[in-house]
Amino acid sequence: MGESTLEKNHSCGLNLINASAIDSFSLKLRDQSLEKKPYQCSDGQKSFSYKSDLVCNEGTPIGEKLCQCSKCQKGCSHTFSLTQHERTHTGEKPYQCFECQKSFSYKSILIEHERTHTGEKPYQCLKCHKSFSYKSSLIQHARTHTGEKPYQCPECQKSFGYRSILIQHERTHTGEKPYQCLKCLKSFSHKFNLTQHERTHTGEKPYQCSECQKSFTLKVSLIQHERKHTGEKLFHCSECQKGFSYKSSLIQHERRHTGEKPYQCSKCQKRFICKSILVQHEKTHTGEKPYQCSTCQKSFRQKNHLTKHEERTHT
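Cut-off values and rules
Residues numbered from 1 in each chain as written. Predicted model: local features only at pLDDT ≥ 70, side-chain atom pairs only at ≥ 80, totals over all residues. Heavy atoms only, no water. Helix = DSSP H or I, 4+ residues; strand = E, 2+ residues; numbered from the N terminus. Buried < 20%, exposed > 50% of the residue type's maximum accessible area, 1.4 Å probe, protein only. Contact = heavy atoms within 4.5 Å. Areas by Shrake-Rupley, 256 points an atom, 1.4 Å probe, with all protein chains shown as cover. Patch = residues over 30% accessible without salt bridge, like charges linked within 9 Å, V, L, I, M, F, W, Y side chains within 5 Å. Salt bridge = Lys/Arg side-chain N within 4 Å of Asp/Glu carboxyl O. Lys, Arg positive; Asp, Glu negative; His and termini not counted. Charge placed at Lys NZ, Arg CZ, Asp CG, Glu CD. Polar contact = N/O pair within 3.5 Å; in protein donor to acceptor, adjacent residues only side chain to side chain. Expected span 1.5 Å × (residues − 1).

**Student:** Kindly report on the overall build of the chain, identifying the contributing residues and their values.
**Tutor:** The secondary structure content of the chain amounts to 12 helices and 20 strands. In the chain, which comprises 315 residues, the proportion classed as buried is 26%. Of all intrachain contacts in the chain linking residues separated by at least 6 positions in sequence, the fraction that spans at least 24 positions is 10%. Within the structure as shown, the chain displays about 21800 Å² of accessible surface, and the carbon and sulfur contribution to it stands at 48%.

**Student:** Describe a positive patch on the surface, naming the residues involved and giving the relevant values.
**Tutor:** On the surface, a cluster of positive charge is made up of K205, K214, K228 and K303. For K205, the position within the fold is in the loop between α8 (191–202) and β13 (207–208). Taking relative accessible area as the criterion, K205 reaches 49% and is therefore assigned partly exposed.

**Student:** Describe the pattern of salt bridges, with residues and values.
**Tutor:** Counting across every chain of the model gives five salt bridges. Salt-bridge contacts for E148 lead to R143; the nearest nitrogen and oxygen are separated by 3.5 Å. Each member of the pair, E148 together with R143, is buried. R199 serves as the salt-bridge partner of E204, at 3.6 Å between the closest nitrogen and oxygen. Here E204 falls in the partly exposed class, since its relative accessible area comes to 41%. Judged by relative accessible area, which is 12%, R199 ranks as buried.

**Student:** Please give an account of the side chain of S245 that cites residues and values.
**Tutor:** Tracing the chain through its elements places S245 in the loop between β16 (243–244) and α10 (247–258). Classification of S245 by relative accessible area gives buried; the value is 15%. Here E232 takes part through its backbone oxygen, which lies 3.1 Å from a polar atom of the side chain of S245. With residues up to four places along the chain from it excluded, the contact list for S245 reads R227, E232, K233 and F235.

**Student:** Account for unusual backbone geometry, with residues named and values stated.
**Tutor:** A negative phi angle characterises most non-glycine residues, just as the trans form characterises most peptide bonds. The residue Q101 is not glycine, and still its phi comes out positive at about 65°. For Q101, the location among the structural elements is in the loop between β5 (95–96) and β6 (103–104). Since its relative accessible area comes to 45%, Q101 is described here as partly exposed. Phi at L185 is positive, roughly 65°, even though this residue is not glycine. Structurally, the position occupied by L185 is in the loop between β11 (179–180) and β12 (187–188). Looking at L185, the relative accessible area reads 53%, which means it is exposed.

**Student:** Give me helix α5 (residues 107–118): which residues, what numbers.
**Tutor:** Taking 1.5 Å as the rise per residue, α5 with 12 residues should run 16 Å; its terminal C-alpha atoms sit 16 Å apart, in good agreement. For α5, the full list of buried residues reads L110, H113 and R115. Of the residues trailing α5, G119 is marked for its positive phi of about 75°.

**Student:** Report on helix α6 (residues 135–146), specifying residues and quantitative values.
**Tutor:** Taking 1.5 Å as the rise per residue, α6 with 12 residues should run 16 Å; its terminal C-alpha atoms sit 17 Å apart, in good agreement. Looking one or two places after α6, you find G147, whose phi comes out positive at around 80°.

This is how it looks when you write it as structure tokens:
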């Protein structure tokens, strides 16, 4: 990346972050941003990239509202601010994207939108050099380096780096589920969970294994599946050091050491280490045999019994 590009990236970086919460890399960025704002206010407190902005600022005493909205009586310091505000009432969107014809109320939002087409990422982190399309994304990213968590839950005082995560967290206290499936009317706390659920209706499986082409509804299911090909075992038993590809398999295994059996049969009170074994056991009470041989129509309670039957009898 050339020097001119870096200057562009640095000009709009982290200068809005609370100085007490950031380190030297963002302070350096603030100093560099002044080089791109040559027009300075007479009190020395504020700098501007354009002379017209300086003139507007100098001509308006602090706190004075020169213009007023005729709809809601909100006061604005500048006529251009009033014009932008009035669009919230009129719905006017004069700025149109040439690529997809989508329209916007503000030019700044159009410029940000156009980056979805160009892939431009003008905001760069001085710490790790990762680039972003939006200034707000850079500010949020910077908190991964500084550890700043400015958003606090009023209920439990837990803090978060992002406002969106705080909003999601607060639903654990309120029980709010604003995302509803249009098919079955089931509701969810997070949009991500609704998106996953909707695939149970559509049958969509967007995540495909590059090794065997098997497809999955969830990305996490694909990641777990891929370990069958790689043999990777991330989860190890602290008691015997045996390795497992899945965390759920480790949890079940550890119960063999502890003797824990959390799943109980409602018919005979027999207990089991995992739910799948309980489900199989309950069929001994109901007589259910859901697995049927396609060749001879013999039925079995367990899928592995059907597999063994087919191998021994029909192959």
